[in-house]
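Each chain is listed here by its residues.
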Amino acid sequence: MRVLITGAAGFLGSNLCDLLLAEGHEVIGMDNFITGKKENLAHLMGNERFSFFRHDVSKYIFVAGKLDAVMHFASPASPNPNSPFGYTNLPIQTMKAGALGTHNTLGVALANKARYLLASTSEVYGDPLEHPQTESYWGHVNPIGERSVYDEAKRFAEALTMAYHRFHDVNTGIVRIFNTYGPRMHVDDGRVVPNFIKQALKKEALTIYGDGEQTRSFCYVDDLINGIYKLLISDEHMPVNIGNPVETSINEFADVINALTNNPEGTVYEKEQRGEGDPQRRRPDITRAKDILNWSPNVSLDDGIMNTINYFKSELGIQ
Ligand code: NAD
Ligand code: UDP
């Protein structure tokens, strides 16, 4: 296949490029580096099956030659307003990547009769009233809340994707990604995994927002990318949750990080940092991924976090 991947210089996009190239496909990466970085793709320069275009997906997209698949992963993704990459600090860019970027990439898929895959998110469920979250749950989202620039852009993106499927018969798919971590997350991304690992490696107390009783379910990047690839090569049109169903409170997660890094500094509570709409509980129901794709995650939290710690050590120049 000849595949266009938007957001290719980001955490997930660059890992996707690697998997598709390893599977023998040709990859065209596209990114404007708003939260990604060229170092994530440096190892691919010179690969004759890889090419890259610096381009903002909210502007008209032209790719010469026939494409077999389009994967739309370009969007800021961190909710943390303390990070320069946080989507609340990039509100218009986030809405444009989700709305105009989805429109443009769907247009490319339509013109090429290509398979289309949208990177959606567990955030479409908002601060969920149902637990765990199944794909049939419609969500609990504040349309004007702090997180709305991201959540509503992704909900619009899902609606537009289904419209192109129903009206134009584009072969679309939607992956609802739950908290994923691993190598190539930016150290300054602001999400809980990079924040905690960076703090632990610097022998600082981990900053827990709120009371730490809120939960997340953390998926290692290799598991996620395998599931996404299975969805890409399927012809499933309805949304599929991909994530790890092992649920952990942020307090428990902090203990894991401190134990694996031998960090004696413990934790510090920053209650006021917990933003409005920060979901209280999040865990994917992955029955559909198991049934349709025969997919489930394999990597344990300890193994995945150790790999990520080693990556962050090298990024931060720590032995
Ligand atoms: P990331 O910030 O590392 O990667 C996003 C990439 O998109 C960056 O390289 C950025 O420069 C690029 N980008 C943003 N706007 C762009 C634009 N207008 N034009 C071109 N490129 C643009 O984040 P990530 O974690 O790799 O997220 C990738 C995708 O997966 C996003 O769509 C995100 O919403 C989705 N997602 C990720 C997670 C997760 O846990 N990592 C969870 C749910 C959904
Ligand atoms: N969080 C935290 N300390 C941090 C960063 C995040 O306690 O330094 C919390 C955050 O409030 C949320 C959870 O960790 O409840 C997961 O946050 P993340 O930014 O990874 O993304 P989210 O899952 O909220 O989209």
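The notes below deal with the structure included here. (Residues numbered from 1 in each chain as written. Chains lettered and ligands numbered in written order. Predicted model: local features only at pLDDT ≥ 70, side-chain atom pairs only at ≥ 80, totals over all residues. Heavy atoms only, no water.)

Considerations on unusual backbone geometry
1) Next: With an omega of -10°, the peptide bond between His 131 and Pro 132 qualifies as cis.
2) Next: Tracing the backbone shows Pro 132 in the loop between strand S5 (115-121) and helix H3 (148-168).
3) Next: A positive phi angle is found at Lys 113, which is not glycine, with a value near 50°.
4) Next: You can see Lys 113 is positioned in the loop between helix H2 (91-112) and S5.
5) Next: The residue Asn 262 is not glycine, and still its phi comes out positive at about 50°.
6) Next: Secondary-structure assignment places Asn 262 in the loop between helix H6 (250-260) and strand S13 (267-270).
7) Next: According to the relative accessible area criterion, Asn 262 is exposed, its value standing at 64%. (Helix = DSSP H or I, 4+ residues; strand = E, 2+ residues; numbered from the N terminus. Buried < 20%, exposed > 50% of the residue type's maximum accessible area, 1.4 Å probe, protein only.)

Examining the site of ligand 1
1) Next: The environment of ligand 1 is made up of 28 residues, and the closest members are Leu 12, Asp 31, Thr 35, Tyr 150 and Lys 154.
2) Next: At 2.8 Å from an oxygen atom of ligand 1 is found a main-chain nitrogen or oxygen belonging to Leu 12.
3) Next: Here ligand 1, which alone exposes 820 Å², has 96% of that area covered by the protein.
4) Next: The dominant element in the shell around ligand 1, judged by the number of residues it contributes, is S5, at three residues.
5) Next: Considering only residue class, the shell around ligand 1 consists of 13 nonpolar, eleven polar and four charged. (Near = heavy atom within 4 Å. Polar contact = N/O pair within 3.5 Å; in protein donor to acceptor, adjacent residues only side chain to side chain. Areas by Shrake-Rupley, 256 points an atom, 1.4 Å probe, with all protein chains shown as cover. Nonpolar A, V, L, I, M, F, W, Y, C, P; charged D, E, K, R; others polar.)

Quick notes on the side chain of His 186
1) Next: Within the fold, His 186 resides in the loop between strand S7 (180-181) and helix H4 (192-201).
2) Next: Other than its neighbours up to four places away in sequence, His 186 contacts Thr 35, Lys 37, Phe 85, Pro 194 and Phe 312. (Contact = heavy atoms within 4.5 Å.)

A short note on the pairing of strand S4 (residues 69-72)
1) Next: Every second residue of S4 is oriented toward a common face, with Ala 69 and Met 71 on one face and Val 70 and His 72 on the other, all of them buried.
2) Next: Looking at chain direction, strand S1 (residues 2-6) and S4 are connected through four bridges and run parallel. Residue pairing in the sheet places Thr 6 in a bridge with His 72 of S4.
3) Next: Here S4 runs beside S5; their pairing, made up of four bridges, is parallel. When the bridges of S5 are listed, Val 70 appears paired with Tyr 116.
4) Next: One crossover worth recording links S4 to the parallel S5 by way of H2, and it is right-handed. (Pairing = 2+ DSSP bridges. Right-handed = clockwise from strand over helix to strand, strands pointing away.)

Focus on the side chain of Ser 234
1) Next: Inspection of the secondary structure assignment puts Ser 234 in the loop between helix H5 (221-232) and strand S11 (240-242).
2) Next: Residues within four places of Ser 234 in sequence aside, it is in contact with Arg 115 and Leu 293.

Some details on the sheet that holds S4
1) Next: With parallel pairing, the seven strands of this open sheet are ordered in space as S3-S2-S1-S4-S5-S6-S11. Either end of the sheet is taken by a strand with one partner, and the two such strands are strand S3 (50-54) and S11. Between one strand axis and the next, the sheet turns through 20° on average, direction left out of account.
2) Next: Looking at chain direction, S5 and strand S6 (residues 172-177) are connected through six bridges and run parallel. The residue of S6 that forms the bridge with Ser 120 is Arg 176.
3) Next: Contacts from H3 reach S5 and S6 within the one sheet, and its direction differs from that of S5 by about 155°. (Axes fitted to C-alpha atoms, helices over the stretch in contact; angles between N-to-C directions.)

Side note on the layout of surface pockets
1) Next: Estimates place the volume of the second largest pocket at around 270 Å³.
2) Next: Around the second largest pocket, the lining comprises 15 residues; the ones closest to its centre are Tyr 137, Trp 138, Glu 158, Arg 176 and Pro 239.
3) Next: Those elements that place two or more of their residues in the lining of the second largest pocket are H3 and S6.
4) Next: The greatest single-element share of the lining of the second largest pocket, amounting to five residues, is contributed by H3.
5) Next: Broken down by class, the residue content of the lining of the second largest pocket amounts to nine nonpolar, one polar and five charged. (1 Å grid on protein atoms, 1.4 Å probe; cavity = no way out; pocket = protein on both sides within 12 Å on 5 of 7 lines; lining within 4 Å. Points joined across faces, edges and corners; volume = space filled by probe spheres on them.)

Description of the packing of H6 against helix H8 (residues 301-316)
Think of two packed helices as two axes; the pair is described by the angle between the axes and how far apart they sit.
1) Next: At a minimum axis distance of 11 Å, the contact between H6 and H8 shows a crossing angle of 55°. Considering the angle they form, H6 stands oblique to H8. Here H6 runs over H8; the crossing is right-handed. Note on element contacts: H8 touches H6 through Leu 301, Asp 302, Ile 305, Met 306 and Ile 309, opposite Phe 253, Val 256, Ile 257 and Leu 260.
2) Next: Looking at the contact of H6 with H8 residue by residue, the classes come out as eight nonpolar, no polar and one charged. (Parallel < 35°, antiparallel > 145°, perpendicular 65-115°, else oblique. Left-handed = near helix turned anticlockwise from the far one by under 90°.)

Focus on the state of the cysteines
1) Next: Under the definition given, this model contains zero disulfides.
2) Next: A disulfide-free cysteine, Cys 17 has its sulfur positioned 18 Å from the sulfur of Cys 219, the nearest such atom.
3) Next: Overall, the relative accessible area of 0% leaves Cys 17 in the buried class.
4) Next: Taking the relative accessible area as the measure of exposure, Cys 219 reaches 0% and is therefore buried. (Disulfide = S-S within 2.5 Å.)

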